[in-house]
Amino acid sequence: MWDDAFPSFLIGLREGLEAGLIVSVLVATLVRSGERARLPHVWTGVAAAIGLSMSFGAILTFSAANLSGTGQEAFGGTLSLIAVVFVTAMVFWMRRSARSFAGEIKEKVTAALGMGAGVLIVTSFLAVGREGLETALFLWTTAQAAGSSSGPLTGAAAGLLIAAALCWGLYRRALHINLTRFFTITGAVLIVIAAGVLGYGMRDLQEGGVLPGGTAYAFDLSAHLDPGSWYVTVVQGTLNLTPQMTWLQIAAYGAYLAVVMTLFVRGVRSTASPQPQPQPQQQPTTQPAPTKSAPANPAPRIPRWTLPAALVCLPALVAGIAVAVSDGKPASGTPVIEVSAADCGKGFTAPKPGRQTFQVRNSGSRTSEIYLIDPVSNAVYGEVEGIAPGTTRALIATVGTGSYAWRCVPSGGKAVTSAAVTVSGGGSTKAVLPVSEKDLAAPLAAYRKYVDQGLADLLARTRTLQRDIDAKKLGKARTDWLPAHEQYASLGAAYGTFGDWDAKINGRTAGLAGGVDDPAFTGFHRIEYGLWHGESAAALAPYAKRLSSDVAALREDFPKEDFDPGDLPLRTHEILENTLHRELSGSADYGSGTELATTEANLDGTRELLSLLRPLIDKRDAEVTSDVDTWMRRTERLVLAQHGRDGSWTPLGKLSTVDRQRLDGSLGQLLEELAPIPDLLEIRKAA
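As a starting point, this report considers the structure included with it. Quick caveat: nothing in here was measured; it's all calculated off a predicted structure. (Residues numbered from 1 in each chain as written. Predicted model: local features only at pLDDT ≥ 70, side-chain atom pairs only at ≥ 80, totals over all residues. Heavy atoms only, no water.)

A short note on the packing of aromatic side chains
Right, so step 1: If you walk through the whole model with that rule in mind, you get twelve aromatic pairs.
Right, so step 2: Considering the side-chain rings of Tyr-488 and Phe-524, the 6.2 Å spacing of their centres and the 45 degrees angle between planes classify their relative orientation as tilted. Residue Tyr-488 is found in helix α12 (residues 474-489), and its partner Phe-524 is found in helix α15 (residues 524-531); the two are separated by 36 residues along the sequence.
Right, so step 3: Members of the aromatic cluster, each reached through a chain of ring pairs, are Trp-481, Tyr-488, Phe-498, Phe-524, Trp-532 and Phe-558.
Right, so step 4: Here Arg-448 stacks its cationic end above the ring of Phe-558, 5.0 Å away from the centre of that ring.
Right, so step 5: Over the ring of Trp-501 we find Lys-504; its NZ or CZ atom is 4.5 Å from the centre of that ring. (Phe/Tyr/Trp six-rings, centres within 6.5 Å; stacked < 30°, edge-to-face > 60°. Helix = DSSP H or I, 4+ residues; strand = E, 2+ residues; numbered from the N terminus. Lys NZ or Arg CZ within 6 Å of the ring centre and 35° of its normal.)

The structure is reproduced here in structure tokens:
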């Protein structure tokens, strides 16, 4: 639709005009210098820059297509933020440089003429390439926001064509445009559009799990506004404002608009104010000095902004009509699937075998979870999480022989399943059986029981440690410190539920201004530091007493705390990921040199968790646990090889280079094998 085309039209017009003016100055300088033979060098650099920009767009599309659903959201949101940064910088740069950049380009060309063809090619390549890369990035982000590439591409193409025509007219001296005013007006419009892109990017990052507050809505007008109405579509397409927005989106949108627009307007005023010293020689090259007949020309009868405004609005209208004729469908023929509680899967027909991209449009009034499923087994082939009303998102799935249907789960509503279709002639395709909270209830109950017993053992061990210190038996305290700390480490999957207790019991000095002397540094590592750095029993006694007290309070508090079932699958990977970043980096050692002992305890904690989840994992992919077991045994052998018969452990810093490389490599591969488990056991409403 035309509202999706307008932002891209404007960026295509501006960036195309910038690049076109640069090329015009390059060509004009060579022609006037009698160097027409060098023109192919300019066009070579321009062609290379265009090729680079198109390749950049293809890389972005390919990279996003091969990510998971949440990965696509995080990737798209990150690039949206980068696009906003580039567009903002471009707007401010052109506001400052519109009057003088032609002279700067002439200086570069003049210097390049004396340095050979290669330098001239590089000059044109760099001058045009920057604009091309910015255009490709902005087009990609606007296409993601629109959910279709047809509108943004059509708008950008129209903008580039108009820009090319304007540059040709300026080069031939047939047009006279106040470029400073043109770039000022379009810059202000682009700031508003960029604010919307920023808000959209924030939402993507929330849906990708990078930022919190995904369900903290500032307002939800979806029940009062028709997502398909023309006014909602216009506002959403041009400004990226939707009927349902989170507080983070609103805050980012408002803050960006207030700060950037204020700085932009202030800069425009400061640029326009110093007019007492006329300097006609600073006029852009593309606006030739008045000829002898110039005084005879009458003053313009219409405002100067009329021409650039018409050049922006009229082509946008033409582009909008062209896109509207396509009925909003992607130019490539990608099927658009309408999904809502009332009509799930409208427009769905039997797809062809192979990798397919479906454009899923939420035509309902509620945010929904959308799944492409096997209606017989409920296995999931693909999913789109948290698709807002009136928005379109891509779902990529590999289609093989089997049955397919859509399942729509609106927030606060019941699941609706479309009619099934059958595909034949394709190969076998893996689908994931959905996991519900009910499926994880038994493993969660068993794990809570395991943790509760573990906390009882932990309390006994910390009290033993406290008695050692109170009795001033620091040698025995050093011996008893490690079993207590290993016991705590083996409860790794519960760390998220321990909350603030974790920092009190096992906190480090990271982020503490006072380091080891900071009052907030308590628990196991504070006692470790004192035991292995010669502190007295009297100095350590308060910390030992507090540790026992904190563990006792945690044990009492734990049964009352909520434990999110979805955390169990995540912890199968996170426990050892933290081990790699903390213990095996040396940052968690405060003198005992027992990082490998803690690593072994973390392996035990992961193994316990896997034993509870194994039935669910094997039902979905038995190869995963087989590969995990192989690398778990190998990693554990490498760790235990550093455990002496006398109970001592080799400090991490004393490992040989070969042993260190083997351990890091083995644990890294184990993490790779564990990585699919959170996705396999992700709680899905398709169940």
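A few points about the side chain of Asp-480
Right, so step 1: Inspection of the secondary structure assignment puts Asp-480 in helix α12.
Right, so step 2: With residues up to four places along the chain from it excluded, the contact list for Asp-480 reads Thr-464 and Asp-468. (Contact = heavy atoms within 4.5 Å.)

Quick word on the packing of α12 against α15
Right, so step 1: Between α12 and α15, the least distance of the axes is 11 Å, while the angle of their chain directions is 155 degrees. Here α15 runs roughly antiparallel to α12, going by the angle between their axes. The handedness of the crossing between α12 and α15 comes out as left-handed. Residues Leu-474, Ala-477, Arg-478, Trp-481, Ala-484, His-485 and Tyr-488 of α12 form the contact with α15, whose participating residues are Phe-524, His-525, Ile-527, Glu-528 and Leu-531.
Right, so step 2: For the contact of α12 with α15, the per-class residue count stands at eight nonpolar, two polar and two charged. (Axes fitted to C-alpha atoms, helices over the stretch in contact; angles between N-to-C directions. Parallel < 35°, antiparallel > 145°, perpendicular 65-115°, else oblique. Left-handed = near helix turned anticlockwise from the far one by under 90°. Nonpolar A, V, L, I, M, F, W, Y, C, P; charged D, E, K, R; others polar.)

A closer look at the pattern of salt bridges
Right, so step 1: A full pass over the atoms with the stated rule returns twelve salt bridges.
Right, so step 2: One salt bridge connects Arg-546 with Asp-550, and the closest N-O pair in it is separated by 3.7 Å. Of this pair, Arg-546 and Asp-550 both sit in helix α16 (residues 537-557), four residues apart, roughly one helical turn.
Right, so step 3: The salt bridge partner of Arg-607 is Glu-636, with a shortest N-O separation of 2.8 Å.
Right, so step 4: Its relative accessible area of 16% is what places Glu-636 among the buried residues.
Right, so step 5: Linked through salt bridges whose partners overlap, the residues forming this network are Glu-383, Glu-682 and Arg-684. (Salt bridge = Lys/Arg side-chain N within 4 Å of Asp/Glu carboxyl O. Buried < 20%, exposed > 50% of the residue type's maximum accessible area, 1.4 Å probe, protein only.)

Quick word on the sheet that holds strand β3 (residues 336-339)
Right, so step 1: Judged by pairing direction, the sheet is mixed, and its three strands sit side by side in the order β3-β4-β7 without closing on themselves. Of all the strands in the sheet, just β3 and β7 (392-399) have a single pairing partner and so form its edges. With strand direction ignored, the average angle separating the axes of adjacent strands in the sheet is 35 degrees.
Right, so step 2: Examined bridge by bridge, β3 and strand β4 (residues 354-362) share four bridges and lie parallel to one another. Of the residues in β4, the one forming a bridge with Val-336 is Gln-359. (Pairing = 2+ DSSP bridges.)

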